[in-house]
Amino acid sequence: MTDAAVLLDALGNRGWTIAVAESLTGGMVVSALVDVPGASASVRGGVVAYATAVKAEVLGVDTDLLATAGAVDPEVARQMAEGVRRVLGADVGVATTGVAGPEPQDGKAVGTVCIAVVTPESTTSGERVFSGDRASIRAQASAAALSACLQQL
């Protein structure tokens, strides 16, 4: 069973829904979830907030934080996760933001990824560094986001 399927089972057992805010993963996390039959029982949707302005305008990420820390920051990821919960009316929000390459961004090295998960019971946010090419970094970030969700349930 995939992490996405295990996550959806865990959400279903709690009667919780999930929403995803993605930047560098560009929809990969929510795609992994909706690949699972029956996902509609728990998945509310996803927001691909690739542009920094979308993080602020749609998800409500603090513009001062974005100006000072840049888009690749654990607090930005946390605010994205909280924002997608609010916007899509979900119990759980998960967010990814980072640098897939080929160039560094906002002073952050290629491979730097921030993931946050917000549930009714807990909040977690952190930074990881992955290696590889752009596709590999994005795939690792997507898998790590699903894993982070599982750890919070």
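Structure first, text after, so check above.
Now for a description of the structure that goes with this document. (Residues numbered from 1 in each chain as written. Predicted model: local features only at pLDDT ≥ 70, side-chain atom pairs only at ≥ 80, totals over all residues. Heavy atoms only, no water.)

Some words on the pairing of strand S5 (residues 123–129)
So, step 1. Across seven bridges, the pairing between strand S4 (residues 112–118) and S5 is antiparallel. Note that in S5 the partner of Val118 across the bridge is Thr123.
So, step 2. With antiparallel pairing between neighbouring strands as the criterion, S4 and S5 make up a hairpin whose turn holds four residues. (Pairing = 2+ DSSP bridges. Helix = DSSP H or I, 4+ residues; strand = E, 2+ residues; numbered from the N terminus.)

Things to note about the pattern of salt bridges
So, step 1. Throughout the structure, instances matching the rule amount to four salt bridges.
So, step 2. Where Glu75 meets Arg78, a salt bridge forms, and the shortest distance between an N and an O atom there is 2.3 Å. Of this pair, Glu75 and Arg78 are both found in helix H5 (residues 74–88), three residues apart, which corresponds to roughly one turn of the helix.
So, step 3. The class for Glu75 is partly exposed, based on a relative accessible area of 28%.
So, step 4. Close ionic contact of Arg78 with Glu82 constitutes a salt bridge, the shortest N to O distance being 2.4 Å. (Salt bridge = Lys/Arg side-chain N within 4 Å of Asp/Glu carboxyl O. Buried < 20%, exposed > 50% of the residue type's maximum accessible area, 1.4 Å probe, protein only.)

Regarding the pairing of strand S2 (residues 43–48)
So, step 1. Taken together, the five bridges between strand S1 (residues 18–22) and S2 define a ladder with parallel strand orientation. The partner of Val20 across the bridge, within S2, is Gly46.
So, step 2. For the segment spanning S1, helix H2 (residues 28–34) and S2, crossover handedness is right-handed. (Right-handed = clockwise from strand over helix to strand, strands pointing away.)

Brief notes about the environment of Ala148
So, step 1. Looking at the element boundaries, Ala148 is found in helix H6 (residues 134–152).
So, step 2. Assessed through its relative accessible area of 16%, Ala148 is described here as buried.
So, step 3. Spatially, the C-alpha atoms of Ala148 and Val84 are 16 Å apart, while their sequence positions differ by 64 residues.
So, step 4. For Ala148, the residues in contact, after removing those within four places along its chain, are Ile115 and Val117. (Contact = heavy atoms within 4.5 Å.)

With respect to the sheet that holds strand S3 (residues 92–98)
So, step 1. As summarised here, the arrangement of the five strands in space is S2-S1-S3-S4-S5, forming an open sheet in which the pairing is mixed. Each having just a single partner strand, S2 and S5 make up the two edges of the open sheet. Neighbour-to-neighbour, the strand axes of this sheet turn through a mean angle of 10°, independent of strand direction.
So, step 2. In this sheet, S3 lies alongside S1 in parallel orientation, the contact comprising five bridges. (Axes fitted to C-alpha atoms, helices over the stretch in contact; angles between N-to-C directions.)

Focus on the packing of aromatic side chains
So, step 1. Applying the stated criterion across every chain, the model contains zero aromatic pairs.
So, step 2. Seen from the ring of Trp16, Arg14 lies directly overhead, with NZ or CZ sitting 4.7 Å from the centre. (Phe/Tyr/Trp six-rings, centres within 6.5 Å; stacked < 30°, edge-to-face > 60°. Lys NZ or Arg CZ within 6 Å of the ring centre and 35° of its normal.)

What about H5?
So, step 1. The terminal C-alpha atoms of H5 lie 21 Å apart, and with 15 residues this matches the ideal 21 Å at 1.5 Å per residue to within 8%.
So, step 2. Taken residue by residue, H5 has Val76, Ala77, Gln79, Met80, Ala81, Gly83 and Val84 as its buried positions.
So, step 3. N-cap assignment for H5: the residue whose side-chain oxygen lies 2.9 Å from the backbone N of Glu75 is Asp73.
So, step 4. In the segment just after H5, Gly89 is the residue with positive phi, at about 65°. (Expected span 1.5 Å × (residues − 1). Polar contact = N/O pair within 3.5 Å; in protein donor to acceptor, adjacent residues only side chain to side chain.)

Such coordinate-based values are descriptive only and should not be taken to indicate function.
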